[in-house]
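Geometric and topological summary
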Amino acid sequence: MTQEMLIKNGDIFTAADSFKGDILIRNGKIAEIAGKISPPPGAEVIDAAGLEVYPGGVDVHTHFALPFMGTVAADDFESGTVAAACGGTTTIVDFAIPSKGGSILEALQAWHQKAAGKAVVDYGFHMAMVDYNDKIAAEIPRVVKEGITSFKCFLAYKGAFMVDDAQFLEILTAAKNNGVLVSIHAENGDMLAYLMKHLIEDGHTGPQYHPVAHPASAEGEATHRGLVLARMAGAPLYIVHLSSNEGLKEIKAARSRGQLVLAETCPQYLLLDDELYLQNGFEAAKWVMSPPLRDRAGQNKLWDGLRDGFIQTVATDHCSFNFKGQKDMGKDNFLKIPNGIPAVGDRVNLLYTYGVKKGRISRNQFAAVTAANPARIFGLYPEKGSIAPGSDADLLIMDPDRKWKITKENSHHNVDYSAFEGFELEGMPAVVISRGEVVARYNKFTGAPGRGKFIKRRKFDTGGDRENAA
Ligand code: URP
Ligand code: ZN
Ligand code: ZN
């Protein structure tokens with residue numbers, strides 16, 4: 001049976017255009033966009049007069065149900081994607097992470113099992129490459145065929161996920177040959193390990209020392225090195241969770257040399273700062289994440305970088321741990337505090353209020369950094385991230401004037417605190433639509449359990465014989 005829905009009178013914003021009009025949805029896809037469309041018989045009609053219509057959000061950095069630092073992330077694919085849906089995000093890309101020396105195909109199967117029947121919005125996976133050997137090399141084409149067209153390398157977490165430069169070069173080359181985009185966690189793991197060791201030896205065990213062990217210089221160094229190695233391999237590079245101007249300067253320098261580098265930041269680096277580590281005793285553990293929060297001056301540079309197009313995406317790096325029972329594993333030693341914060345439900349709302357409403361980015365830029373750019377970069381466009389005939393009917397209908405604030409109570413994250421507690425918001429997702437189904441209305445989940453679908457993503461155009469190869 002044909003399912004139709006008509007969204008009338010909305011102010012529609014994509015990364016490229018702004019216009020008023022009607023959107024006809026048929027069987028989960030956008031069928032037609034025009035100034036005026038008459039409702040087909042039996043179609044559900046949503047009056048979006050006074051509301052703004054955006055492509056559904058695409059968050060390309062989550063960690064649901066991740067085993068990490070002696071525990072497992074508190075949000076699984078169900079609670080994480082319910083929070084995403086209520087917060088205007090209709091697609092997520094999570095990281096499959098194998099054990100050191102383990103099979104990437106097995107890691108992929110494990111992540112499918114975590115997500116299938118649980119996710120309520122559509123999802124894909126990146127593959128973390130925590131090792132490189134003949135078995136992994138042989139598995140790469142199969143993983144790519146399964147729709148995993150991006151890898152993440154950690155230049156940090158020494159002794160756990162970190163790869164060395166030789167492994168990184170092998171991965172870059174294999175990725176380039178298979179149409180895979182490589183991303184990096186850009187912190188120098190040896191610098192961090194040295195600082196951690198000496199801080200603990202000197203009795204500096206509190207969470208306020210976490211940022212001391214993760215200086216911005218370590219991000220600058222790893223970003224620089226990652227880019228030098230990518231240049232040598234002739235491969236493009238995507239920098240995840242950029243937190244500092246030290247990293248941003250390296251990205252700008254690489255761009256000015258003609259290198260293809262793409263960058264992501266997160267709401268926490270745009271809106272929270274390192275004072276939180278000094279003012280909160282052990283509560284500071286709530287914001288222990290890697291990289292850590294930085295100072296206000298650096299934050300302003302990130303906003304500038306976002307506005308000026310040096311940073312293409314805002315993702316969350318959602319990796320949630322309860323304060324009681326998980327973060328407090330590190331009450332005597334900050335190295336044992338599981339790293340990460342909850343944010344997947346907050347990203348779109350924070351960017352709308354503190355980006356669009358504060359005049360830092362335009363509505364089209366908002367659509368670009370929250371949806372279109374991540375979809376393009378990660379092989380999801382135009383099904384995701386766009387509003388056009390033929391694309392999936394994934395839409396965020398925003399009530400632009402609704403005032404509210406973030407609290408632990410109104411958050412859908414399965415965790416005992418909010419990293420953005422008390423943040424005032426102006427604008428609320430009024431209706432969130434995923435493949436033509438209303439999955440949330442005014443912060444209430446209305447979708448069916450487990451309805452999310454796995455998406456095989458397209459390959460990245462790695463550029464073949466790019467002339468920027470050293
Ligand atoms: O603190 C963080 N970011 N935890 C998640 C793992 C990562 O580095 O992305
Ligand atoms: Zn990371
Ligand atoms: Zn992450």
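Provided above is the structure to which this section pertains.
Let me begin by describing the structure that accompanies this report. On a predicted model such as this, the values are computed, not experimentally measured, just so you know. (Residues numbered from 1 in each chain as written. Chains lettered and ligands numbered in written order. Predicted model: local features only at pLDDT ≥ 70, side-chain atom pairs only at ≥ 80, totals over all residues. Heavy atoms only, no water.)

A closer look at the coordination of the zinc ion (ligand 3)
Octahedral metals with six donors have ideal donor angles of 90 or 180 degrees. Tetrahedral metals with four donors have an ideal donor angle of 109.5 degrees. Put simply, the rule is: For Na, K and Ca the donor cutoff is 3.2 Å, while for all other metals N, O and S atoms must lie within 2.8 Å; water is not among the atoms, so some sites may look incomplete. Tetrahedral means four donors with every angle between 85 and 135 degrees, whereas square planar (four donors) and octahedral (six donors) require angles over 155 degrees between opposite donors and between 65 and 115 for all others; sites fitting neither are termed irregular.
Each protein donor to the zinc ion (ligand 3) is listed here as His61 (NE2), His63 (NE2) and Asp317 (OD); together their distances run 2.0 to 2.1 Å. If you look at the zinc ion (ligand 3), its 4 donor atoms make angles of 86 to 139° with each other, and the shape they trace is irregular. Counting residues between consecutive donors of the zinc ion (ligand 3) along the chain gives the motif H-x1-H-x253-D.

Here we look at the pattern of salt bridges
Heads up, the condition is: Every case where a carboxyl oxygen of Asp or Glu lies within 4 Å of a side-chain nitrogen of Lys or Arg is listed as a salt bridge. Only DSSP runs of H or I with at least four residues qualify as helices, and only runs of E with at least two residues qualify as strands; both kinds are numbered from the N terminus onward.
Under the counting rule described, the total for this entry stands at 25 salt bridges. Close ionic contact of glutamate 52 with arginine 363 constitutes a salt bridge, the shortest N to O distance being 3.0 Å. Of this pair, glutamate 52 sits in strand β5 (residues 52-55) while arginine 363 sits in helix α13 (residues 363-377); the two residues are 311 residues apart in sequence, bridging distant segments of the chain. Within the structure, one salt-bridge network assembled from shared partners comprises Lys29, Asp122, Lys384, Asp392, Asp394 and Arg435.

Section: the sheet that holds strand β11 (residues 150-154)
Put simply, the test is: When DSSP locates at least two bridges between a pair of strands, those strands are taken to pair.
Taken together, the 8 strands give an open sheet; going across it, the order is β6-β9-β10-β11-β12-β13-β14-β15, and neighbouring strands pair in parallel fashion. In the strand order of this sheet, the two ends are held by β6 (57-62) and β15 (313-314), each with one partner. Relative to strand β10 (residues 122-128), strand β9 (residues 89-96) runs parallel, the two sharing 6 bridges. Within the sheet, the bridge partner assigned to valine 93 lies in β10 and is glycine 124.

Quick word on the side chain of threonine 81
Applied cut-off: When accessible area is computed with a 1.4 Å probe and restricted to protein chains, residues below 20% of their type maximum are described as buried, those above 50% as exposed, and intermediate ones as partly exposed. The term polar contact refers here to a pair of N or O atoms within 3.5 Å; inside protein, the definition further demands a hydrogen-donor-capable atom paired with an acceptor-capable atom, and it admits residues adjacent in sequence only when both atoms are side-chain atoms. Pairs of residues are marked as contacts when any of their non-hydrogen atoms sit within 4.5 Å.
Tracing the backbone through its elements, the reader meets threonine 81 in helix α1 (residues 77-86). The exposure class assigned to threonine 81 is buried, which follows from its relative accessible area of 0%. Among the polar contacts listed, one links the side chain of threonine 81 to the backbone nitrogen of valine 120, at a separation of 2.9 Å. Beyond its immediate chain neighbours, meaning those up to four positions away, threonine 81 contacts Phe64, Asp76, Ile92, Lys118, Ala119, Val120 and Val121.

Observations regarding the site of ligand 1
Here is the rule we go by: Nearness is judged by heavy atoms alone; a residue qualifies as near a molecule or strand once a single heavy atom is within 4 Å of it. Residue exposure ignores everything except the shown protein chains as possible cover, and the areas themselves are Shrake-Rupley values with a 1.4 Å probe. Grid points spaced at 1 Å over the protein atoms alone were grouped into cavities, where a 1.4 Å probe fits but cannot get out, and pockets, open sets with protein on both sides within 12 Å along at least five of seven lines, with lining residues defined by an atom within 4 Å of a point. Here the criterion for a molecule occupying a pocket or cavity is that more than half of its atoms lie within 2 Å of the pocket grid points. Polar here means any residue other than Ala, Val, Leu, Ile, Met, Phe, Trp, Tyr, Cys and Pro, which are nonpolar, and Asp, Glu, Lys and Arg, which are charged; Gly is therefore polar.
Within the structure, ligand 1 sits among 14 residues, and Lys152, Tyr157, His185, Ser290 and Asp317 are positioned closest to it. Within the side chain of histidine 63, an N or O atom sits 3.2 Å from an oxygen atom of ligand 1. In the model, a nitrogen atom of ligand 1 is placed 3.1 Å from a nitrogen or oxygen of the asparagine 339 main chain. In the complex, 99% of the free accessible area of ligand 1, which totals 260 Å², lies under the protein chains. If you map ligand 1 onto the pockets, it falls in the largest cavity. Of the residues in the shell around ligand 1, the class split is 5 nonpolar, 7 polar and 2 charged.

Description of the packing of aromatic side chains
As a reminder of what qualifies: Note on ring pairs: Phe, Tyr and Trp rings are taken, using the six-membered ring of Trp, and paired if centres are within 6.5 Å. Classes follow the plane angle, with under 30 degrees stacked, over 60 edge-to-face and the rest tilted. The criterion is that NZ of a Lys, or CZ of an Arg, lies within 6 Å of the ring centre and within 35 degrees of the ring normal, and then a charge sits over that ring.
Following the criterion strictly, the structure yields 20 aromatic pairs and no others. Geometrically, the ring pair formed by phenylalanine 154 and tyrosine 157 is edge-to-face, given 5.6 Å between the ring centres and 65° between the ring planes. Summarising the burial analysis for this pair, phenylalanine 154 and tyrosine 157 share the class buried. Within the aromatic cluster, the residues linked to one another by ring pairs are Phe64, Phe77, Tyr123, Phe125 and Phe454. Lysine 152 extends its terminal NZ or CZ atom over the ring of phenylalanine 95, reaching a point 5.1 Å from the ring centre. Its end group placed over the ring of phenylalanine 323, lysine 286 keeps NZ or CZ at 5.2 Å from the ring centre.

Points about the packing of helix α12 (residues 347-357) against α13
Heads up, the rule is: Helix axes are fitted to C-alpha atoms over the stretch in contact, other axes to C-alpha atoms as well, and angles between N-to-C directions run from 0 to 180 degrees. Roughly parallel refers to an angle under 35 degrees, roughly antiparallel to one over 145, roughly perpendicular to one between 65 and 115, and oblique to any angle outside these ranges. If you view the pair so one helix is near and one far, a crossing is left-handed when the near helix is turned anticlockwise from the far one by less than a right angle, and right-handed when it is turned clockwise.
For the pair α12 and α13, interaxial distance at closest approach is 10 Å and the crossing angle is 150°. Taken as axis vectors, α12 and α13 run roughly antiparallel relative to one another. With respect to the hand of their crossing, α12 and α13 are arranged in right-handed fashion. Facing Arg347, Val348, Leu351, Tyr352, Val356 and Lys357 of α12, the residues of α13 in contact are Arg363, Phe366, Val369 and Thr370. Tallied by class, residues from the contact of α12 with α13 come to 6 nonpolar, 1 polar and 3 charged.

A look at the coordination of the zinc ion (ligand 2)
For the zinc ion (ligand 2), every protein donor is listed as Lys152 (NZ), His185 (ND1) and His241 (NE2), and the spread of their distances is 2.1 to 2.4 Å. Each donor residue of the zinc ion (ligand 2) belongs to the same chain, and together they define the spacing K-x32-H-x55-H.

Focus on helix α7 (residues 216-233)
Stated formally: Each helix should span, by expectation, one fewer than its residue count multiplied by 1.5 Å.
Over its 18 residues, α7 runs 26 Å from end to end, which matches the ideal 26 Å to within 8%, given 1.5 Å per residue. Its buried side turned inward, α7 meets α4 (165-177), β12 (181-185), α5 (189-201), β13 (237-239), α8 (245-256) and β14 (261-265).

So, the packing of α4 against α7
In contact at an axis separation of 9 Å, α4 and α7 are set at 45° when each is read in the N-to-C sense. Compared by their axis directions, α4 and α7 come out oblique. When the axes of α4 and α7 are compared, the crossing they make is right-handed. In contact with Asp165, Phe168, Leu169, Leu172, Thr173 and Lys176 of α4, α7 contributes Arg225, Gly226, Leu229, Ala230, Met232 and Ala233. Among the residues making up the contact of α4 with α7, the classes are represented as 7 nonpolar, 2 polar and 3 charged.

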